[in-house]
Amino acid sequence: MCSSDLYGQAMPEVDVLKITNEDAAFVLGKNGKTKEKIARVSGADLDLYEHSLTLEIRGNDDERKRAKKYVECVMAQRVGPVTIDDNNSDDDLTVIQVPSEAVGFVTGSQGNFLRQVEEEWGTLMFFADFRGRGERHEGDTEKLAIFGRTRSRRGAELKVMAAVETKVPGYFTDRMSIPEDDKDGFGTRTLVLKPEELSYALGKKGMTRKKLARSSGCIVEYVGYTVFMSGAPEERTRAKEYLDWLFDQLRGPVYVDNWEERDDVTMVDVPRDCVGYVTGARRATLGKIEEEWGTLMFFMSTQMRAKEREQSGRRDFDGSEKLIIFGDKRGRRGAELKCMSAVETKRPGYFTRGIEKHTSEKEGFASDTYPMDESELSYALGKDGTTRRKLARASGCIMEYVGQVAFICGTIEERTRARTYLKWLLKQRAGSVYVDDLHDRDDVTIVPVPREAIGYVTGNRGSSLRQVEEDSGTFCFVEGGRGESEQLLIFGHKKADREVAERLVNNLINEKNRDDDRGRDRYDDRYDDRRRDRDYDRRY
């Protein structure tokens, strides 16, 4: 049945399932994780009411159908093996055969490996028709069911294949026929590496593989010595190009021809005397930037640039090296600003000389600039940059300080939030901050805090509140006193983050109330003892 809200808008339809108390615990999972997982994979909203033992599922027809199927599978695991129909017509299932000797390895201690894969790829995974450890024989296989969207299922499948290949070398790569690469839609491209190439392509703790995947937008996984690249055609092409350039760097300087014509590249001119500072020892600084922003970065060959200048008739050399950055627009901009900030530390004014305050009117992705004086910069940066990161995360915007200029990059909504948060932050240096449009905003949660608890909630020099911000990715401050309680304002573009912060703040308030109650009980006990002593003295 479809209902309408107060404004006449159609509300999602609701299916209600009656479940047992035991099933309710299984569907909820530890800290509600299983319910959240089912909701994420199905696309439906789930509400479990434990007092009435009902599960409400909201969404369109397909979402509710998927959610009910996943709930039934989860409940079935409680009482025995789950039987999966291989002829599933919902196009949301991948079944992979796992050799019996690798089942424990793939499952992990207390199911941790499967849970990690589910978390990473947004899937629901479990073994079906499970025979039990004592009934397995070498050569047997178990069916691992993977539910989710096409891309998520493929990422999870390759992760499992890589784990199996570690335990049983050649299980997939020796016998598996690779389907022909789909030129138009979602497909897979493969490349077999030499043994000496694998460790370089993998990187420390898999960082190089992750970098290739994030910068190209492609699923990149190594199954044995075979690289699997799955995604849309342009994603697979980028992944292959980036991997080739990675290996080219082993043989010498790399230059990307016609880089100016690409839409996945940003170029930064770095003064030659700053190259070592930007790169870091053993490339540590560049590696951290790549990891943070999901990019691929390297300096292009100066010698090849010299040839380019000769061909174009340019004879001048500006004393800089070209740092090339590959990735999506947001990632490239974040990495570019990080590099600019590093250069500005070494060469003040190199990028910011002459930059003034600017606010872009562009609706889409754009950049604003906000120059600050030294005292403002110190306050807006915070210890080890924590304040800057807090404002960026809460607003959903890229915020980087290049010298004394704040670069604010994102959509117009993100930039507006970030500028407003920065303005409020700087106002706090002079006194209380009041928010005029508080009840018109959709990025705030208001938590009333009793006046006697406000000091406990904020902590010494604001330490407790800063920890709440760190744990939740929000921006919090206390608005001026109104009545018997203070208003703690929690700002953030994600409602889920604000809910985490609200729960943490309420925990602090409850801790304060419990401490006060224990203190009163101790005082009452001491008072009663003194009163009994006085009564005794009067009688005797």
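Everything below is about the structure shown above.
Residues numbered from 1 in each chain as written. Predicted model: local features only at pLDDT ≥ 70, side-chain atom pairs only at ≥ 80, totals over all residues. Heavy atoms only, no water.

A. Structural view of the packing of helix α7 (residues 195-202) against helix α8 (residues 207-216). Closest axis-to-axis distance for the α7/α8 pair is 5 Å, and the angle between their directions is 70°. Considering the angle they form, α7 stands roughly perpendicular to α8. Note on element contacts: α8 touches α7 through Met207, Thr208 and Arg209, opposite Tyr200, Ala201 and Leu202. Looking at side-chain class alone, the contact of α7 with α8 contains 4 nonpolar, 1 polar and 1 charged residues. (Axes fitted to C-alpha atoms, helices over the stretch in contact; angles between N-to-C directions. Helix = DSSP H or I, 4+ residues; strand = E, 2+ residues; numbered from the N terminus. Parallel < 35°, antiparallel > 145°, perpendicular 65-115°, else oblique. Contact = heavy atoms within 4.5 Å. Nonpolar A, V, L, I, M, F, W, Y, C, P; charged D, E, K, R; others polar.)

B. Main features of the sheet that holds strand β13 (residues 366-371). The 3 strands are arranged β13-β15-β14 in an open sheet whose pairing can be described as antiparallel. In the strand order of this sheet, the two ends are held by β13 and β14 (398-402), each with one partner. With direction set aside, neighbouring strand axes in the sheet form an average angle of 20°. Contacting β13, β14 and β15 (405-410), helix α13 (residues 329-346) runs over the sheet at an angle of about 15° to β14. (Pairing = 2+ DSSP bridges.)

C. Examining the nonpolar core more closely. In terms of nonpolar packing, the biggest core is built from 27 residues, with Phe298, Ile324 and Phe326 touching the most fellow members. Listing elements by their share of this core, those giving two or more residues are α7, α8, β8 (219-223), β9 (226-231), α9 (233-251), β10 (265-271), β11 (296-299) and β12 (320-326). Among the elements that line this core, the one with the most residues is α9, at 6 residues. Setting aside anything within four residues of it in sequence, one finds Phe298 in contact with Trp245, Gln249, Val254, Val256, Lys322, Leu323, Ile324 and Phe326. (Core = buried A, V, L, I, M, F, W, Y, C linked by side-chain atoms within 4.5 Å. Buried < 20%, exposed > 50% of the residue type's maximum accessible area, 1.4 Å probe, protein only.)

D. Main features of the packing of α8 against α9. For the pair α8 and α9, the least separation of the axes is 9 Å and the interaxial angle reads 140°. It follows from the interaxial angle that α8 and α9 lie oblique. Crossing of α8 over α9 shows right-handed handedness. Of α9, the residues touching α8 (which contributes Thr208, Leu212, Ser215 and Ser216) are Glu235, Arg238, Ala239, Tyr242, Leu243 and Leu246. The residue makeup of the contact of α8 with α9, split by class, is 5 nonpolar, 3 polar and 2 charged. (Left-handed = near helix turned anticlockwise from the far one by under 90°.)

E. Broad picture of the packing of aromatic side chains. Counted according to the given criterion, the structure contains 17 aromatic pairs. Arranged with centres 5.6 Å apart and planes meeting at 45°, the rings of Tyr421 and Phe475 form a pair that is tilted. With Tyr421 in helix α16 (residues 412-427) and Phe475 in strand β17 (residues 475-482), this residue pair connects regions lying 54 residues apart in the sequence. Since its relative accessible area comes to 0%, Tyr421 is described here as buried. Residue class for Phe475 comes out buried when judged on its relative accessible area of 1%. With a centroid separation of 5.7 Å and 55° between ring planes, the pair formed by Tyr421 and Phe491 is classed as tilted. Taken together, the positions of Tyr421 in helix α16 and Phe491 in strand β18 (residues 485-491) put the pair 70 residues apart, joining distant regions of the chain. Taking the relative accessible area as the measure of exposure, Phe491 reaches 0% and is therefore buried. By way of ring pairs, the aromatic residues Tyr421, Trp424, Phe475, Phe477 and Phe491 are connected into one cluster. (Phe/Tyr/Trp six-rings, centres within 6.5 Å; stacked < 30°, edge-to-face > 60°.)

F. Local environment of the side chain of Thr458. Of note, Thr458 is situated in helix α17 (residues 454-458). Polar side-chain contacts of Thr458 include one of 3.2 Å to the backbone oxygen of Gly455. The contacts of Thr458, once residues within four sequence positions are left out, are Ser463, Ser464, Leu465 and Val478. (Polar contact = N/O pair within 3.5 Å; in protein donor to acceptor, adjacent residues only side chain to side chain.)

G. Here's a closer look at the pattern of salt bridges. As enumerated under the stated definition, the model contains 38 salt bridges in all. Between Glu241 and Arg262 there is a salt bridge, with the nearest N and O atoms lying 2.8 Å from each other. With Glu241 in helix α9 and Arg262 in the loop between α9 and β10, this residue pair connects regions lying 21 residues apart in the sequence. Owing to a relative accessible area of 23%, Arg262 belongs among the partly exposed residues under this scheme. Note that Arg272 is salt-bridged to Glu321, the shortest N-O span being 3.3 Å. Taken together, the residues Arg272 in the loop between β10 and α10 (275-279) and Glu321 in strand β12 connect sequence positions 49 residues apart. Judged by relative accessible area, which is 11%, Glu321 ranks as buried. Overlapping salt bridges bring together Glu13, Asp15, Asp61, Arg64 and Lys68 as one network. (Salt bridge = Lys/Arg side-chain N within 4 Å of Asp/Glu carboxyl O.)

H. Region of the structure containing the sheet that holds β12. Taken together, the 3 strands give an open sheet; going across it, the order is β10-β12-β11, and neighbouring strands pair in antiparallel fashion. Each having just a single partner strand, β10 and β11 make up the two edges of the open sheet. Ignoring strand direction, the axes of neighbouring strands in this sheet form an average angle of 20°. Examined bridge by bridge, β10 and β12 share 7 bridges and lie antiparallel to one another. Paired with Val270 across the strands is Glu321, a residue of β12. Where α13 meets the sheet, it contacts β10, β11 and β12, and its direction lies at approximately 5° from that of β10.

I. Region of interest: the pairing of β8. Burial analysis of β8 places 5 of its 5 residues in the buried class, which makes it a mostly covered element. Residue alternation in β8 divides its side chains into two sets, Ile219, Glu221 and Val223 and Val220 and Tyr222, and both sets are buried. With 5 bridges connecting them, β8 and β9 associate as antiparallel partners. Counterpart to Val223 in the pairing with β9 is Thr226. Linking two consecutive strands that pair antiparallel, namely β8 and β9, is a turn of 2 residues; a positive phi of about 65° is found at Gly224 within it.

J. View of unusual backbone geometry. Positioned with a positive phi, Lys205 is a non-glycine residue whose angle comes to about 55°. With respect to the element layout, Lys205 can be found in the loop between α7 and α8. Within the chain, Arg282 stands out as a residue other than glycine whose phi angle is a positive 50°. Among the structural elements, Arg282 can be located in the loop between α10 and α11 (284-293).

K. Summary view of the environment of Tyr222. Relative to the helices and strands, Tyr222 resides in strand β8. By relative accessible area, Tyr222 is classed as buried at 7%. Residues Tyr222 and Leu202, 20 residues apart in the sequence, show an inter-C-alpha distance of 8.0 Å. In this view, Tyr222 contacts Ala162, Leu198, Ala201, Leu202, Arg209, Leu212, Val227 and Leu243; residues no more than four positions away in its chain are not counted. One polar contact links the side chain of Tyr222 to the main-chain carbonyl oxygen of Ala201, over a distance of 2.7 Å.

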